[in-house]
Amino acid sequence: MSKIIAKQPTNQGITKKWLFLSLISLALAGVLTIIIVLSRVPAINDILSLSGFFKTALVIHVDLSQICWMLTILCLISVYYKLQFSNVAKLSLYLAYIAVFLIFCSSFASNSVASLNNYIPVLDNNILFALGLAIFFTSILLHAFATLNYKIKFLENPPTDNIIYCANITLILAFIIFLLTHQILLPQTNETNFFEIL
């Protein structure tokens, strides 16, 4: 019986950087978890005035621990098994670091309005958060397109290559569908229910 031999992992340096970023995302989310818990303790809440910070911290916590962590893990796996990687993919890594930092810092900005929708919780009236989220999704898309930049031979490639390829295709299609849905719904909804319907 013939054995399927997967590619040996390469790019260990950039792989470690993606792993480190995923751990940073979880660590920062953990810091916000502590703040969320403290904001629900009456005595501490009165001293530190954290009552208005609860929803804001909750939004950033979910984004960092779910969205950022999950997508950085996908990038990590893509880098781990790909033999050659372009400078675009390396650029996406550094953009992702900047984005995670901006998203975390946006939790301390004033006048933010938390929108606790079902998919990607967001902060309205927060330029820092919007910029961080936009940079992060841009970096992930750049990475996805860079991952697809090789000749496709499904019958000849190792299974890991095909899985990575399909995962990134799915990611790109998800972004396209999201943007199309956004454009269709935007004129038909108001600010209060737009994200819920989206």
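Quick caveat, the model's predicted, so the values are computed rather than measured.

A. Looking closely at the overall build of the protein. Looking only at helices and strands, one finds seven helices and two strands in the protein. In the protein, the succession of helices and strands from N to C terminus is α-α-α-α-β-β-α-α-α. In the protein, which comprises 198 residues, the share counted as buried stands at 39%. Restricting to contacts in the protein with at least 6 residues of sequence separation, those with at least 24 account for 72%. When the accessible area of the protein is evaluated, it comes to approximately 11600 Å², of which 68% is carbon and sulfur surface.

B. Broad picture of the nonpolar core. One finds W18, L32, I60, L64, I103 and F136 to be the most contacted residues of the largest nonpolar core, which totals 40 residues. At 10 residues, helix 3 (residues 54-81) tops the list of elements feeding residues into this core. Apart from the residues lying within four places of it in its own chain, the contact partners of L64 are S25, L28, A29, L32, W69, V100, I103 and F104.

C. Representation of the side chain of S139 within the structure. Topologically, S139 is positioned in helix 5 (residues 127-147). Judged by relative accessible area, S139 falls into the buried class, the value being 0%. At 2.6 Å, the side chain of S139 forms a polar contact with the backbone oxygen of F136.

D. Quick peek at the environment of L93. Relative to the elements of secondary structure, L93 occurs in helix 4 (residues 87-106). Under the relative-accessibility criterion, L93 is labelled buried at 0%. Separated by 79 residues in the primary sequence, L93 and I14 place their C-alpha atoms 8.2 Å from one another. Aside from chain neighbours lying at most four places away, what touches L93 is I14, K17 and W18.

E. Expanded view of the confidence of the model for the protein. Here the protein averages 80 in pLDDT, and 75% of its residues register 70 or above. Overall, residues 1-9 carries pLDDT values under 50, and its contacts beyond four positions in sequence, including any with other chains, amount to 10 contacts.

F. Fine view of the packing of aromatic side chains. For the structure shown, the criterion picks out three aromatic pairs. Between F137 and F175 the ring centres are 5.3 Å apart and the planes differ by 70°, which places this aromatic pair in the edge-to-face class. Of the two residues, F137 sits in helix 5 while F175 sits in helix 6 (residues 159-185), which places them 38 residues apart along the sequence. F137 gets classed as buried once you look at its relative accessible area, which sits at 16%. A network of ring pairs unites the aromatic residues F136, F137 and F175 as a single cluster.

G. Spotlight on the packing of helix 1 (residues 12-39) against helix 3. Put simply, helix 1 and helix 3 touch, their axes get as near as 8 Å, and they point 165° apart. Judged by the inter-axis angle, helix 1 sits roughly antiparallel to helix 3. Like other packed secondary-structure pairs, helix 1 and helix 3 cross with a definite hand, here left-handed.

H. The arrangement of a nonpolar patch on the surface in detail. Taken together, the side chains of L19, L23, L26, W69 and M70 define a hydrophobic patch exposed on the protein surface, amounting to about 450 Å² of accessible area. At the level of elements, helix 1 and helix 3 are the ones that each hand at least two residues to the nonpolar patch. Considering every element that reaches the nonpolar patch, the biggest residue donor is helix 1, with three residues. Among the secondary structure elements, L19 is positioned in helix 1.

I. Examining the side chain of S78 more closely. Take S78: it is sitting in helix 3. Engagement of the side chain of S78 in a polar contact is seen with the backbone oxygen of L74, the distance being 3.0 Å.

About the thresholds
Counting restarts for each chain, with residues numbered from 1 along the sequence as it is written. Local features in this predicted model are restricted to residues of pLDDT 70 or higher, and side-chain atom pairs are both shown and tallied only at a pLDDT of 80 or more, whereas totals for entire chains, interfaces and linings draw on every residue. To obtain the side-chain values, all non-hydrogen atoms of the structure were used and water was disregarded. In this text, helices come from DSSP runs of H or I with a minimum length of four residues, and strands from runs of E with a minimum of two, each type numbered from the N-terminal end. Relative accessibility under 20% of the residue-type maximum defines a buried residue, over 50% an exposed one, and the middle range a partly exposed one, all with a 1.4 Å probe and only protein chains included. We call two residues contacting when some pair of their heavy atoms lies within 4.5 Å. Only the protein chains shown count as cover for residues, and all accessible areas are computed by the Shrake-Rupley method using a 1.4 Å probe. Take the buried Ala, Val, Leu, Ile, Met, Phe, Trp, Tyr and Cys residues and link them wherever side-chain atoms come within 4.5 Å; each set so joined is a nonpolar core. Polar contacts here mean pairs of N or O atoms no more than 3.5 Å apart (in protein, one a potential hydrogen donor and the other a potential acceptor; neighbouring residues in sequence count only if both atoms are side-chain atoms). pLDDT is defined as a per-residue confidence score from the predictor, taking values between 0 and 100. Each pair of aromatic rings taken from Phe, Tyr and Trp, with Trp reduced to its six-membered ring, is defined by centres within 6.5 Å and is described as stacked if the planes are under 30 degrees apart, edge-to-face if over 60, and tilted in the remaining cases. Simply put, an axis is a line fit to the C-alpha atoms, just over the touching stretch for a helix, and the angle between two N-to-C directions goes from 0 to 180 degrees. Between 65 and 115 degrees an angle is taken as roughly perpendicular, under 35 as roughly parallel, over 145 as roughly antiparallel, and anywhere else as oblique. When the near helix sits turned anticlockwise from the far one by under a right angle, the crossing is termed left-handed; a clockwise turn instead gives a right-handed crossing. Only residues whose relative accessible area exceeds 30% and that form no salt bridge are eligible for patches; like-charged ones are grouped when within 9 Å, while nonpolar side chains (Val, Leu, Ile, Met, Phe, Trp, Tyr) are grouped when within 5 Å. In what follows, salt bridge is the name for a side-chain nitrogen of Lys or Arg lying within 4 Å of a carboxyl oxygen of Asp or Glu.

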